Each structure stands twice: as structure tokens, then as C-alpha cells.
There are 2 protein chains.
Amino acid sequence: MTAVATTTAAEDLAFGLTRVVGLPALTEAAGAPLSAEDIAAIVAEADRFAREKVAPGWQEADRHGAVYENGVVRTPSHYPGLYRDWIEGGWQSLAAPAELHGVALGGQGLPGALWNAVQELVLAADASFALGPLLTAGAIDLLCHHATPAQAAAWLPPMIAARWSGAMCLTEPQAGSDLGALRTRAVPRGDGTYAVTGQKIFITWGEQDCSENTLYLILARLPDAPPGSRGISLFGAPKFLPDGRRNGIRCGGIERKMGIHASPTCVMLFEEAEAELVGQPHRGLPAMFAMMNNARLAVGVQGVAHGARALALAEAYAAQRVQFGTPIARLPDVARMLAEMRATTLAGRLLALEASAAGDRARLLGDAGAEARLALLTPIVKAWCTERGVENASLGIQVHGGMGFVEEAGAAQVLRDARIAPIYEGTNGIQAIDLVSRKLARDEGAAMRALIAEARGLDARLDAALEGFARATEAVLAAQARSADEAQASAAAYLDAAGWVFGGWMLARARAADAARYGALAEFYLRRLLPRAAARGAEIEEGGAVLALLAG
Amino acid sequence: MTAVATTTAAEDLAFGLTRVVGLPALTEAAGAPLSAEDIAAIVAEADRFAREKVAPGWQEADRHGAVYENGVVRTPSHYPGLYRDWIEGGWQSLAAPAELHGVALGGQGLPGALWNAVQELVLAADASFALGPLLTAGAIDLLCHHATPAQAAAWLPPMIAARWSGAMCLTEPQAGSDLGALRTRAVPRGDGTYAVTGQKIFITWGEQDCSENTLYLILARLPDAPPGSRGISLFGAPKFLPDGRRNGIRCGGIERKMGIHASPTCVMLFEEAEAELVGQPHRGLPAMFAMMNNARLAVGVQGVAHGARALALAEAYAAQRVQFGTPIARLPDVARMLAEMRATTLAGRLLALEASAAGDRARLLGDAGAEARLALLTPIVKAWCTERGVENASLGIQVHGGMGFVEEAGAAQVLRDARIAPIYEGTNGIQAIDLVSRKLARDEGAAMRALIAEARGLDARLDAALEGFARATEAVLAAQARSADEAQASAAAYLDAAGWVFGGWMLARARAADAARYGALAEFYLRRLLPRAAARGAEIEEGGAVLALLAG
């Protein structure tokens, strides 16, 4: 048997886009063909940008962090220049549309799956930096769906050029997962605009010194709003108004966090900020959730990126660190840790590409099945890939031994940075409930059964795991029919099982496409890691009894 | 069914010592009986010390950290006073012997299992602080076995009083897990003492401003030493010599670490330091490893302590944080996370008590079976409990949602502090190899088979898991017979399976002792968490194939 091969993230991404999720055929069917060479060239260029421009300042960014003083946030000293490089590279425009409502926006209109690949590379290089453009991309996506032609013309071109950033303003102190509890209010000013007043917390890149302007997308209540989550509207408000005045928006402080130190997490204070309604009154939550699905996928990609960075650091260390007369990479338990990191990182990477390619298929070809596939995979990618990101960051520390705990090595920073991803854009618990109570329940499991059926026939071990997962699916559906609480008590285990099974599916597909490069890694995963899905299945079957133990 | 009950760590510890591992009967058989009331009173006093004296400065200690300047290390400003409280409480003497070689040492001679309970409470309150006394205890233990009467008389009384601390000096830049590669040398000075010269790294509490003197226990080579691990001797050298002169020992710097910021991790430079040989020439490694077994158990307890602190913070937060109209502790997925944390923390706690009670049984009653039990359980406690400590610290962050990532809440500090425990005192990979290649192999699995047999008959699910684990044991023994590498490729999975199975055994015993308080928690563990052992077993059976994939 050949050993697990080492390939770079960029190689894996180009391979995955081309040979596993079939982007050349998809783009050809959509009338804008991208060849394998085109894809490899764009990925290589993004990889160069990430390695040469973003990565070198990564540890300095962590040490310096974002600094708040009197309403102003200073990012690390190299960030404004790096952000100009990001603008000049035109990266933000990659997957944005070329035009909307007849207005030229400046986007390149490339597939979302390609954008995901670019994001992974930049997130791995410095997640704190990458988060700004990531959230701007989410805001662009939302505005493409809900902005009026005038709003699109005013806001989208500078955002797609990255001269403006976008900031998502959802959370309030009393309203975290429960957005229905939010209190920020918007009062009509009589000229078609609104005055927004309230306090938002945990606003990523809410204030910084990189972009020339920021568009805030804010959830708030109109005066006549019904209570709860059906009375929330969405507003857009720029930091600087068209006439150059500063809007009534300021940063009240930033959080001292475990990681992503250079990404300012802001308290934002809105004091009669001039804002425009985006979309329909009281329909802000559905609009925001559509954007969040996109952002959730991006956070899943962030999990993959942290695993990839952890792996790159650990492999480099293990290759040069000699103990017992050998590079430690050759010690069986260290080799085992590296193989686990490599296998789950590749599985997550391919799963995220599969999900975003489904998004492309839905958007470009109007494929309704692909739309359902995207909806189903999004919470799995978000939660499973971010869990693996944390786990792989921790394994990366372990490979380093004592040096892993010393900040100088960088491995510890990966874990500190990675730990946010299971929390934001909907905690992983919320993702599990979304998978079970919404995505599974809404078609009584039809899309999931279709996915399971499609995954069969590649590998005997995988087939057995799919069989067990199919039983778990029926068990969860039955639990959901009895009681939402019972299903929720097993939701996290169910999502985790889904991740292990479909991660195995992706690796089996990679092996089928290139056995020489990916066969051993797929084999390792299917023999060694896939049994974890069965353990989760056993947990799910205990769901009802467990709920009784939890609730008393 | 009744719900999972909440009990404090101190309650669990008193219960575990008395009702699960049977300390009253053990001490009675040894002729120095401790009643249930005695045990509960000592644990409650330690709990008060930990909560009232140690815990309040915990976050300040993290923020301030240890500070190095010109060879001097300043700990957080409250540490010297807190250390005086530690001395005045007489805690260090708890399990130290009253006399040795006819010399009165000042120890109280209480059981090691009781000392473990005290350590857990102090480690949970502030691990950085607790590490000093923890390492001093290891040094005391080592000297009790290997010091000459003169050394014992000079060094042990002030260490047992905690006026002196002990520091273990093993690692060098090129010699981490592979201590055979160390280069520090010791040259006879002609008067029976030695001059030690070399550089040691990662020396916990190597230099600080708390204790009045420090005894360094140093691994070094004599001039005539054979190469490798058979040529290493052990030396003792105080920071200040008996005549008050400063010895040739200084701190060259401290590491900037992910966590335990207030515990100085020192580079120590020995420049012809005056030292005495401890034990026999060239027999330093076996002496140090005897001490390390003790320290390894203590690090396992540290893992339990981090889980306990994470749980206490998470339960307090979840009880008061309201979302969707309810304290989040009542949401099924949050309740599930809290129950996992509580179940694995208690399992680890009881397993650590079982191991240290076995040590007491061996020492006080000369029970050879107990000695084998201790040897078998030590790597399991060290590795499994520290893995669970990291996992529970991470779950604790997750329960807090966004606040978990903000340092103010404390949950992030628990994870940052917890992450070192799987690394030091022998990485968890080293523990797994110790379990498989030494502890299991040396009696061809006899002690393990005896333990499995003893654990049977309490619970049907547990019996099934034990059955699977017995098969895994035979598989690992067979692999070991074929090739050490093959066994090592499965060692981590085997150790993890052992932890899950024997953790379940401890909870089944807790249920048998008090079903009202621990029945639901045991049930939760056996239904929901025990399946993880089977997944690990499946991995082990793939060992040979996996090794081929790793090695090529």
C-alpha cells in the first residue's frame, strides 16, 4: 500500500473543484466555461497572495491586536496596506455579479465554489484579516437579493471593489441566538429614510482603519412592528453619508478575546443613524438568514482553513524535529495525528466545495435539487468543519509537544483563532437544530434520503456507515414527530454523524478521481475515522431516554 | 426517571473517597483510620481555601502573568501572600511522611488519594498557582525514595513545610520526550559534590518570588557516563546554598505561552552549580520516572480540575442566561453539553481517586495487585482525563456562546490553561505507548484482564463495552507481539477506549453507592458516551492496515 501523500491546500482545492465537484462541466453548462487550467491558475494566484502578502504578518497581527481609543479602532500597522493590496488584486469582486437591474457593478461573476477556495487560502493565512472581506461578501450577497436599484447602484460598486466594507449588526446583549428579543428601533424620518437607535454587540470589523467607508446592515424594529421574530426589519446605513457627514454610528469599545485578536469585535452604538429600509418591512430576519447561509458556509470554510494551517505548521515541525534518532513525523503516533488532520481537513474542504458547487448549480442552472442539497449541507459544513478545525488545531499543538504551547510556534494561535468558528454565525447547536428541525423535517427527510442514496456504491465500509446513518435519520425523524425537544437532544450527534459519513463520501470520490494521490488518505479515513459515525448513531438511538435524564 | 443532579466538586470528592474507593476501610486496615466525617471535613476545608483564597485572583493572575527581568521573575502581586497562606495552612505536608530514616519531617502522612482531592480543588481555582506545590510534592516523593539520610534531613523539612519549593529539571532543547539525548554534565568536585553545567528548558516554577529557596532536581551526565538513557544521573542543588551564597543557577528567560500565564516556564542555566548526587550514578532516569508516575497522576487530576472549573462556570452562566424565554440550561442541546461535562468530569475524578487509592493500598498494605493497578491506571488517568479536560473546557466555551470567546467570562482561560496538560509530564502519545508497550506487555495483559473481570457485572451496557475492550486488548497484545510500531499506531485509540470503559465503570460504582444522586448521570454516560469506546475498538482492529498507510 502507498503511504498518505502530502499535497498542498492549493493543489487539493484545484483538484477538488475540477475533478471532484466538476466545476468545468458546471460552468460549461452555464455558458461561461472555466477549464481545469483556469481554475488552477486562479487558485494558485490566490495562494500566492495568501502566502506572500497575508501570512507573513499573521503573528504580529495577533500580538498587536486591534486597539480601541476614543471611538477609533487601530488595526495592526500592516493591515491598511494589506487591505489596499486586497483591493488592488480585485479579489472581492471574484464571485460578485457583473451587473444588477441594468447597473454595472464590477463583479467578475465567477462561481461561488471558486470564491470558497480563495477564502480558505486567505483565512488560513490570517483569519483576523480575512474576516473583513468575508463579511463584506455576505453583505454583497444580501444586497444583490434585497436592495432596490438605487441602493444597489449606490452601495454595491464600492463594496465589490472592497473600498467599502460591510458589517452585519444582529446581536444585542439580550438577543444572541434569540434574535426575536432584539430592541434596536427604527423610526421613519418622513423623507423615506429612518433613524436607527440602539446598541449592537459582537460586530466583526464594525470599526477599523482599512476601508474608506462601511455599510452597516442592521436588524431593528419599526414602530408598528409585531413582537418577536416577525417584527424585525433590515436597514442599511453607511458610516459616512453621501454628503461626507459622519452618520450617527460609533464604536463604544472592542472585546478582549481568546483569539482573532486583530479582528475588532465591536460594540456599535447607533444614535438616530440615517438608514434605509432594505427589503420589506418586518421581513428582515428571512433576508438576513438567506445571507447567513452564505456566511455559514464561509465559516465552515474557516474551520477547514484553521485545520489546514495547523497541518502545515505541524508537518513542517514534525519533519525537522528529531527525537529518538528520527524526525518525529516517522513515529507511528505522530504519523497517526498528522494523518487524522490531513484526512479530516481534506474531507471538510471537499464537503464545503460540494455545498458551494450545489449553490452554483442552483443559481446558474436553476436546479431545485441542488438548492435542497445546499440547504441540507450548509449546517453540516458550518458545524462539522468548525469542530474539526478546533480538533485539528489542538492536534497540531500536540504534534509540537511543549513548543506547541509556546506562542512563538504559532500552533497555539491557530487554536485560539479557531475556537470562535463553532460559535458565530449561529452556534453549532443552532446548526444541529436547523438540520434536524428545519432541513430534515421540511421534506420529511426526502433530500437526505436522496443524498444517502447518491453516496452509496463507492466503498463497502462507507455503505455500511450510510446504512447506519439512514437508520439514524429515520430515528431522528421519528423523534421529531414525537417531540421537538427529543429531536434536539440528539441533533448535535446526528449532525456529527452526517459530517463523518459525508466526509467519507467526499474522500471516496477523491480516491475514485485520483487513487495514486488520495487513495491511501481515503483508506485511512474509512478504516480509522469513519467508525465515529456509528458511535454517534448509537447515541441517537438513546435520544428519548437521554432527554428524560436531562429534563428530569 | 430523575434528572441529572448537580453536586459540587467537593461533595463528589468526599463521596468518591468514602463510598466509591473506600478510603475509611483502607485507612482502618492500615492502622490509621479516617472516618467519612474526617474525609469530608478535610475536603471541605480545602474547598474553602481554594474558593476563598485562590480563586478570586485567578483572572488577574492570567492577565498579569509572570514577568521576567534580568534573571528575576515576578509572579502576580497577590501570589507571594497567597503562597504564605498555603504555607500557613500546612497543605503541603498533608500526604508527606511524618518521619524518614528516624528524622522528623513534619508530614501528616495522610493518604495520597486525599492529597489528590485537595490538588483538584486548588488546581481548579488557579492552575498556575497550584503547579508550584504540585511539583514540590513530586520532588518530595522522589526524595523520600532516593535521598540519603543527610539529604532528607536537609531538604525535606523545609519542602514539606512549603518554605522551599521543588523544581524538576529534565528537558533540554534537543531532549524532550527523548531524555536519552540530554547533554547537561556533572563533574565531581573532589569533595563528594558535583558541578552541574548545562541549559534546561520548560522548567515550571523554575524561578519565582514565592518560596524562600528552591531545590532543583536535575538530570545530567557524569564524565564516565555511557551514552543514551542509561548514562543519566540525578542531582539535587538548592538555589541558595546552606551558607547563604547564591548557587550557580539562574533563569535565562520565560516562555510566552497560550495559558497558565502566571506559572513561570523558565529557561534555567546551570553554571558549575554545586549539586549532590541523588540515588545511584547512571540511575537517574528510573528515579525520575518513579516521581513522574506521581506527577502524571497529578496532571490527570489537573485535567479533571479544568473540566470542573469549566462546568462550574458554564452551569452558572446557563442558569441565568435567558434566550427564547427560558434559562438556556433548559434547552436540550445545552443540557446535553452540561451533562457531558458533568459525566466525564465525574468519571475522571473517580478514576483518578481509584488510581491514587491503589497507590495508598500498595504503600500502606503492601498490596502487589494494587501496585499493578496503579501502574496500569496512571497513563490512562493522565491522558484520558487531560483530553476530557480540554474537551470540557471547549464545551464550557460553547455553552457561553459569544461570551465564551470573550476573556472576561473566564471560560476561554480554562481552555487556554487546560491545553498544556495533554503535553507535559510525558505527552499523551507517550502515555499511550507506556500503556501498550510497557504496562500491558510486561505481564502479557494479566493486570488488564483482572481489571476487566473486576469491572463486570454492574451494568449490561458496561459489560458489552468491556467485552469489546477485552477484544481490543487481545488485538493490541497481538499487534505488540508482531511489531512495536503496529501497536503504537493503535496505542492512542486503545488508551482512549480504556478511559471511556473504566470511566463508565466508576460511574456504575457511583450509582451502586448512591442511585438517587448519581443514577441519572451514570445512565446518561452509559447510554450516551460509552459508545465512543466501541468506535475506538473498531479503529484498533484496523491497526495493521493503518500502519501500512502511515509508513508507506
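Just so we're clear, the structure is a prediction, and the values are computed from it rather than from any experiment.

**Description of the overall build of chain A**
And then number 1: Broken down by element type, chain A carries 19 helices and 13 strands.
And then number 2: Taking 2.2 N^0.38 as the reference for a compact globule, 552 residues should give roughly 24 Å; the C-alpha atoms of chain A span a radius of gyration of 23 Å, in line with that estimate.
And then number 3: The C-alpha extent of chain A, read off along each of the three principal axes, is 70 × 55 × 55 Å.
And then number 4: Here chain A holds 552 residues, and the buried ones make up 64% of them.
And then number 5: A fraction of 74% describes how many contacts in chain A between residues 6 or more apart in sequence connect residues 24 or more apart.
And then number 6: Counting only carbon and sulfur atoms, one obtains 53% of the accessible surface of chain A, whose full area is about 18,100 Å².

**Describing the pattern of salt bridges**
And then number 1: Inspection of the entire model under this criterion finds 84 salt bridges over all chains.
And then number 2: Between Asp434(A) and Lys439(A) there is a salt bridge, and its shortest N-O distance comes to 2.8 Å.
And then number 3: Taking the relative accessible area as the measure of exposure, Asp434(A) reaches 4% and is therefore buried.
And then number 4: For Lys439(A), a relative accessible area of 8% gives the class buried.
And then number 5: Taking the shortest distance from any N to any O, the salt bridge between Arg336(B) and Glu340(B) comes out at 3.1 Å.

**Some details on the relation of the copies chain B and chain A**
And then number 1: For these two chains of identical sequence, chain B goes onto chain A by a turn of 180° and a shift of 0.0 Å along the axis, with RMSD 0.0 Å. Here the two chains are linked by the operation of a two-fold rotation axis. Of the C-alpha atoms belonging to chain B, the one lying closest to the rotation axis is found on Ala535(B), 2.8 Å away.
And then number 2: Take the interface residues of chain B: 100% of them recur as interface residues in chain A, which is what a same-surface contact looks like.

**Things to note about the interface of chain B and chain A**
And then number 1: Between chain B and chain A, the residue contacts involve 76 residues of the former and 76 residues of the latter.
And then number 2: In this assembly, chain B packs against chain A so that about 6,600 Å² is buried in total across both faces, 62% of it on carbon and sulfur atoms.
And then number 3: Looking only at chain B, the three residues that lose the most surface to chain A are Phe405(B), Arg528(B) and Leu549(B), adding up to 14% of its buried area.
And then number 4: Taken together, the links from chain B to chain A amount to 8 salt bridges.
And then number 5: Residues Arg528(A) and Glu539(B) are paired through a salt bridge, measuring 3.6 Å at the closest nitrogen-oxygen approach.
And then number 6: Where chain B packs against chain A, one counts 32 residue pairs in polar contact (both at pLDDT 80 or more).

**Quick look at the pairing of strand β8 (residues 213-220) of chain B**
Residue and element names in this part refer to chain B.
And then number 1: The buried fraction of β8 is high, at 8 of 8 residues.
And then number 2: Burial of the side chains of β8 extends over both faces: Asn 213, Leu 215, Leu 217 and Leu 219 are buried on one face and Thr 214, Tyr 216, Ile 218 and Ala 220 on the other.
And then number 3: Pairing geometry for strand β5 (residues 164-169) and β8, over 6 bridges, is parallel. Opposite Ser 165, over in β8, you have Thr 214 as the bridge partner.
And then number 4: When β8 meets strand β9 (residues 233-238), the two strands line up antiparallel, connected through 6 bridges. When the bridges of β9 are listed, Ala 220 appears paired with Ser 233.

**Some words on the UniProt feature "domain: Acetyl-CoA dehydrogenase-like C-terminal" (unreviewed entry) in chain A**
And then number 1: Those residues carrying the UniProt feature "domain: Acetyl-CoA dehydrogenase-like C-terminal" (unreviewed entry) are residues 448-547 of chain A in this numbering.
And then number 2: Taken end to end, residues 448-547 of chain A is 92% helix and 0% strand, and its two terminal C-alpha atoms sit 24 Å from one another.

**Digging into the pairing of strand β7 (residues 194-204) of chain B**
All names here are of chain B.
And then number 1: When you tally the buried positions in β7, you get 8 out of 11 residues, the bulk of the element.
And then number 2: Here strand β6 (residues 185-188) pairs with β7 via 4 bridges, running antiparallel. Residue pairing for β7: Pro 188 is matched across the bridge by Tyr 194.
And then number 3: Where β6 folds back on β7, the antiparallel hairpin that results is connected by 5 residues, among which Gly 190 adopts a positive phi of roughly 90°.
And then number 4: Relative to strand β11 (residues 265-278), β7 runs antiparallel, the two being bridged by 8 bridges. Among the inter-strand pairings, Val 196 is bridged to a residue of β11, identified as Ala 273.

**Looking at helix α19 (residues 531-541) of chain B**
And then number 1: Counting buried positions along α19(B) yields 8 of 11 residues, so the element is predominantly enclosed.
And then number 2: Within α19(B), the full set of buried residues consists of Pro531(B), Arg532(B), Ala533(B), Ala535(B), Arg536(B), Gly537(B), Glu539(B) and Ile540(B).

**So, the UniProt feature "domain: Acyl-CoA oxidase/dehydrogenase middle" (unreviewed entry) in chain A**
And then number 1: Here the UniProt-annotated "domain: Acyl-CoA oxidase/dehydrogenase middle" (unreviewed entry) positions come out as residues 167-272 of chain A.
And then number 2: Annotation note: span residues 167-272 of chain A, helix share 0%, strand share 43%, distance between end C-alpha atoms 18 Å.

**Examining the nonpolar core**
And then number 1: Within the largest apolar cluster, 367 residues are counted, with the highest numbers of intra-cluster contacts made by Met448(A), Phe502(A), Met448(B) and Phe502(B).
And then number 2: For this core, the element with the most residues is helix α17 (residues 484-513) of chain B, which contributes 18 residues.
And then number 3: Discounting chain neighbours no more than four positions away, the residues touching Met448(B) are Leu376(B), Ile380(B), Leu435(B), Leu440(B), Phe469(B), Thr473(B), Tyr494(B) and Phe502(B).

**With respect to helix α7 (residues 127-146) of chain B**
Note: α-helices contain 3.6 residues per turn, so residues at a spacing of three or four share the same orientation.
Residue and element names in this part refer to chain B.
And then number 1: With 20 residues, α7 ought to run about 28 Å at 1.5 Å a step, and its terminal C-alpha atoms sit 28 Å apart, in line with that.
And then number 2: Most of α7 is tucked away: 17 of the 20 residues are buried.
And then number 3: Measuring from the backbone nitrogen of Ser 128 back to the side-chain oxygen at the start of α7 gives 3.1 Å, which picks out Asp 126 as the cap.

**Let's talk about the packing of aromatic side chains**
Within a pair of aromatic rings, the relevant descriptors are the distance that separates the centres and the angle that separates the planes.
And then number 1: One pass over the structure, following the stated rule, counts 30 aromatic pairs over all chains.
And then number 2: With a centroid separation of 6.3 Å and 55° between ring planes, the pair formed by Trp86(A) and Trp115(A) is classed as tilted. You can see Trp86(A) sitting in helix α5 (residues 79-89) and its partner Trp115(A) sitting in helix α6 (residues 112-125), a full 29 residues away along the chain.
And then number 3: Centre to centre, the rings of Phe49(B) and Trp86(B) are 6.0 Å apart; their planes meet at 55°, and the pair counts as tilted. Placement of the pair is Phe49(B) in helix α3 (residues 36-54) and Trp86(B) in helix α5 (residues 79-89), with a sequence separation of 37 residues.
And then number 4: Connected via pairs of aromatic rings, a cluster forms that spans Phe49(A), Trp86(A), Trp91(A) and Trp115(A).
And then number 5: It is Arg509(B) that lies over the ring of Trp505(B); its NZ or CZ is 4.6 Å from the centre.

**Focus on the environment of Ala316(B)**
Residue and element names in this part refer to chain B.
And then number 1: Checked against the element boundaries, Ala 316 lands in helix α9 (residues 284-320).
And then number 2: Since its relative accessible area comes to 48%, Ala 316 is described here as partly exposed.
And then number 3: Along the sequence, Ala 316 and His 400 sit 84 residues apart, while their C-alpha atoms lie 9.9 Å from each other.

**Observations concerning the environment of Ile160(B)**
All names here are of chain B.
And then number 1: Secondary-structure assignment places Ile 160 in helix α8 (residues 149-160).
And then number 2: A sequence separation of 102 residues divides Ile 160 from Ala 262, and the C-alpha atoms of the two residues are 23 Å apart.
And then number 3: Not counting residues up to four positions away in its chain, the partners in contact with Ile 160 are Gln 92, Ser 93, Ala 96, Pro 97, Leu 105, Gly 106, Gly 107 and Ile 140.

**Considering unusual backbone geometry**
Residues and elements named next belong to chain B.
And then number 1: With a phi angle near 60°, Phe 202 is a residue other than glycine that sits in the positive phi range.
And then number 2: The residue Phe 202 is located in strand β7 in this model.
And then number 3: Although it is not a glycine, Phe 324 adopts a positive phi angle of roughly 55°.
And then number 4: Tracing the backbone shows Phe 324 in the loop between β12 (322-323) and β13 (326-327).

**Comments concerning the side chain of Thr386(A)**
And then number 1: With respect to the helices and strands, the residue Thr386(A) is situated in helix α11 (residues 368-400).
And then number 2: Of note is the side chain of Thr386(A), whose polar atom sits 2.7 Å from the backbone oxygen of Lys382(A).

**Observations concerning the packing of helix α14 (residues 428-440) of chain B against helix α16 (residues 460-482) of chain B**
All names here are of chain B.
And then number 1: The N-to-C vectors of α14 and α16 enclose an angle of 75°; their axes lie 11 Å apart at closest approach. With respect to each other, α14 and α16 are oriented roughly perpendicular. Facing α14, whose interface residues are Val 436, Ser 437 and Leu 440, α16 presents Thr 473, Val 476, Leu 477 and Gln 480.

**Section: the packing of α11(A) against helix α12 (residues 411-418) of chain A**
Packed helices, taken two at a time, are described by the angle between their axes plus the distance between the axes.
All names here are of chain A.
And then number 1: At their nearest, the axes of α11 and α12 sit 8 Å apart, and the two run at 165° to each other. On the basis of the axis angle, α11 is roughly antiparallel to α12. In terms of crossing hand, the pair formed by α11 and α12 is left-handed. Judged by residue contacts, Gly 389, Val 390, Ala 393, Ser 394, Gly 396, Ile 397 and His 400 of α11 engage Ala 411, Ala 412, Val 414, Leu 415 and Ala 418 from α12.

Basis of the calculations
Residues numbered from 1 in each chain as written. Chains lettered and ligands numbered in written order. Predicted model: local features only at pLDDT ≥ 70, side-chain atom pairs only at ≥ 80, totals over all residues. Heavy atoms only, no water. Helix = DSSP H or I, 4+ residues; strand = E, 2+ residues; numbered from the N terminus. Rg over C-alpha atoms; globule rule 2.2 N^0.38 Å. Buried < 20%, exposed > 50% of the residue type's maximum accessible area, 1.4 Å probe, protein only. Contact = heavy atoms within 4.5 Å. Areas by Shrake-Rupley, 256 points an atom, 1.4 Å probe, with all protein chains shown as cover. Salt bridge = Lys/Arg side-chain N within 4 Å of Asp/Glu carboxyl O. Least-squares fit on C-alpha atoms with pLDDT ≥ 70 in both. Buried area = accessible area lost by both parts, 1.4 Å probe. Polar contact = N/O pair within 3.5 Å; in protein donor to acceptor, adjacent residues only side chain to side chain. Pairing = 2+ DSSP bridges. UniProt positions renumbered as here; feature names shortened; annotations may be inferred. Core = buried A, V, L, I, M, F, W, Y, C linked by side-chain atoms within 4.5 Å. Expected span 1.5 Å × (residues − 1). Phe/Tyr/Trp six-rings, centres within 6.5 Å; stacked < 30°, edge-to-face > 60°. Lys NZ or Arg CZ within 6 Å of the ring centre and 35° of its normal. Axes fitted to C-alpha atoms, helices over the stretch in contact; angles between N-to-C directions. Parallel < 35°, antiparallel > 145°, perpendicular 65-115°, else oblique. Left-handed = near helix turned anticlockwise from the far one by under 90°.

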